[in-house]
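Per-entry structural report
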Amino acid sequence: MAINCSVYLRFMQQLSPLPDIESLTAFVAVAEDGSFNAAGRRLHRDATVVSRRVQNLEQRLGVRLLERSTRSVALTEAGEIYLQRIRPLLQGLMTAGQETERFSNGEPQGRLRLALPGSFGRMWLMPLLVEFRAAYRGVTLDVAFSNRFVDLIGEGFDLAVRLGVLPDSRLVSRKLADRKRMIVASPSYLQRHAAPPTPNDLAGHDCLIFSGKPNPYLWEFIMPSGAQLSVPVSGPFISDDAEALVLAAISGHGLLYATDWLVGRELTDGRLVRILEDYPVPDEGGVYVVHPSTQLVPNKTRAFADWITDRFSKSLPWSQA
């Protein structure tokens, strides 16, 4: 049942300060064990400390809960009623604490909401998610694929994998891998058109344009002198889907300004080859795993961040394609 906040606030304003948990626990222990000494042994406290806490509780409530004698204590009528009400509440608090603690200690469990890059996530992370889920059966994976930088806190995500250059933020990040850009083409295209010897020769070539790139009609290179060169390009295909442009490149429709992870399989099996290797493509970006806060991180989030970091430290999946 939902709590009516305004009614609750009015009720709280009418009460004296609420009893503390230690006083309530002391009262229940004395009521159940029948003496202050026995309650003290159970709570690992001196009997005088237990007695003082119960007295403070009675003063706060304005009613006697226990009748005391030199040998024993007994519940008053008010004490009987109060015990019946307070004991299940304390048990509920204890159970809630134990259940909640499992999210920070012990076996990872619960729903893990992940925000992953579209193409990269489908190609290289989804197979790893299957392995993670097999290792951690108590975790349910809730995965969103998107190329935008989602607001992890505002949108309720536990963790994200991001590509590129990270902006300054409150997020905790770990770098999983460097990212390399390159120019590639299919052998069939290069049979019809000789590979350009320098970036300045791209003007005579068909280039496949990724519209999601800033300044998509300019390709950047680092010259042997160290200077950066931007070369205007054009071509027969323009798309915001990088995987679609890879298919166009394989089919021989033009040169592609690509990332190593995007064409890892195609480079390995020879469907695409690198060109202009003496003219590096600048890229300061990388692959990162990010999550909010460094404190009180749920163990499901910590387990995934540790696990994916370990997997990438051993080998990059696209380098083994």
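See the structure printed just above.
One structure accompanies this document, and this report is about it. (Residues numbered from 1 in each chain as written. Predicted model: local features only at pLDDT ≥ 70, side-chain atom pairs only at ≥ 80, totals over all residues. Heavy atoms only, no water.)

**Overview of the overall build of the protein chain**
- On a plain count of helices and strands, the protein chain comes out with 10 helices and 14 strands.
- Classification of the 321 residues of the protein chain by burial places 37% in the buried group.
- Taken as a whole, the protein chain presents about 18,200 Å² of accessible surface, with 52% of it coming from carbon and sulfur. (Helix = DSSP H or I, 4+ residues; strand = E, 2+ residues; numbered from the N terminus. Buried < 20%, exposed > 50% of the residue type's maximum accessible area, 1.4 Å probe, protein only. Areas by Shrake-Rupley, 256 points an atom, 1.4 Å probe, with all protein chains shown as cover.)

**Thoughts on the layout of surface pockets**
- Of the voids in this model, the largest pocket is the one considered here, and its volume is about 910 Å³.
- Elements supplying a minimum of two residues to the lining of the largest pocket: β3 (110-116), α6 (118-135), β5 (159-164), α8 (242-250) and β12 (255-259).
- Examining the composition of the lining of the largest pocket, we find that 5 residues originate from one element, β5, more than from any other.
- Residue composition of the lining of the largest pocket, grouped by class: 21 nonpolar, 9 polar and 10 charged. (1 Å grid on protein atoms, 1.4 Å probe; cavity = no way out; pocket = protein on both sides within 12 Å on 5 of 7 lines; lining within 4 Å. Points joined across faces, edges and corners; volume = space filled by probe spheres on them. Nonpolar A, V, L, I, M, F, W, Y, C, P; charged D, E, K, R; others polar.)

**As for the nonpolar core**
- In this structure, Phe 120, Leu 256, Val 263, Ile 308 and Phe 312 are the most contacted members of the largest nonpolar core, which totals 38 residues.
- The element contributing the most residues to this core is α6, with 7 residues.
- Leave out the neighbours within four places in its chain, and Phe 312 touches Phe 120, Leu 125, Leu 128, Leu 176, Ala 177, Pro 317 and Trp 318.
- Judged by nonpolar contacts, the second largest core, of 19 residues, contains Leu 24, Phe 36, Ala 47 and Tyr 82. (Core = buried A, V, L, I, M, F, W, Y, C linked by side-chain atoms within 4.5 Å. Contact = heavy atoms within 4.5 Å.)

**As for the sheet that holds β5**
- The 5 strands are arranged β4-β3-β5-β14-β6 in an open sheet whose pairing can be described as mixed. The sheet is open, and its two borders are formed by β4 (139-145) and β6 (171-178), each paired with just one other strand. Neighbouring strand axes in the sheet, compared pairwise and without regard to direction, differ in orientation by 20° on average.
- Against the sheet, α6 contacts β3, β4, β5 and β14 (286-292), and its axis sits at roughly 175° relative to β4.
- In the packing of helix α10 (residues 299-314) onto the sheet, the strands contacted are β3, β4, β5, β6 and β14, and the crossing angle to β6 comes to about 20°. (Pairing = 2+ DSSP bridges. Axes fitted to C-alpha atoms, helices over the stretch in contact; angles between N-to-C directions.)

**Here's the deal with the side chain of Ser 23**
- Looking at where Ser 23 falls in the secondary structure, it is placed in helix α2 (residues 21-33).
- The contacts of Ser 23, once residues within four sequence positions are left out, are Arg 53 and Leu 57.

**Overview of α10**
- Spanning 16 residues, α10 covers 22 Å between terminal C-alpha atoms, matching the ideal 22 Å at 1.5 Å per step.
- Regarding α10, the residues found buried are Asn 299, Lys 300, Thr 301, Ala 303, Phe 304, Ala 305, Trp 307, Ile 308 and Phe 312.
- Where α10 is buried, its residues touch β3, α6, β4, β5, β6 and β14. (Expected span 1.5 Å × (residues − 1).)

**Looking at the sheet that holds strand β7 (residues 181-185)**
- Judged by pairing direction, the sheet is mixed, and its 5 strands sit side by side in the order β11-β8-β12-β7-β13 without closing on themselves. At either margin of the open sheet sits one strand with a lone partner, and together these are β11 (238-239) and β13 (273-275).
- In terms of strand pairing, strand β8 (residues 207-210) meets β11 through 2 bridges, oriented parallel. In the sheet register, Ile 209 faces β11, and the bridge partner there is Ile 238.
- Most of the contacts of α8 go to β8, to which it runs at about 175°, and overall it touches β8, β11 and β12.

**What to know about a nonpolar patch on the surface**
- A surface patch of nonpolar side chains, about 240 Å² in accessible area, is lined by Met 126, Val 130 and Phe 145.
- In this fold, Val 130 is placed in helix α6. (Patch = residues over 30% accessible without salt bridge, like charges linked within 9 Å, V, L, I, M, F, W, Y side chains within 5 Å. Salt bridge = Lys/Arg side-chain N within 4 Å of Asp/Glu carboxyl O.)

**Topic: empty space enclosed by the protein**
- What the rule picks out here adds up to 1 cavity of 30 Å³ or more.
- A volume near 40 Å³ is recorded for the largest cavity.
- Of all the secondary structure elements, the ones that give two or more residues to the lining of the largest cavity are β7 and β13.
- The greatest single-element share of the lining of the largest cavity, amounting to 3 residues, is contributed by β7.
- Considered class by class, the residues forming the lining of the largest cavity number 8 nonpolar, no polar and 2 charged.

**What about the packing of α2 against helix α4 (residues 47-61)?**
- Closest axis-to-axis distance for the α2/α4 pair is 8 Å, and the angle between their directions is 110°. Here α2 lies roughly perpendicular to α4, going by the angle between them. Across the interface between the two elements, Glu 22, Ser 23, Leu 24, Ala 26, Phe 27 and Val 30 from α2 touch Val 50, Arg 53, Val 54 and Leu 57 from α4.
- Its residues assigned to classes, the contact of α2 with α4 comprises 7 nonpolar, 1 polar and 2 charged. (Parallel < 35°, antiparallel > 145°, perpendicular 65-115°, else oblique.)

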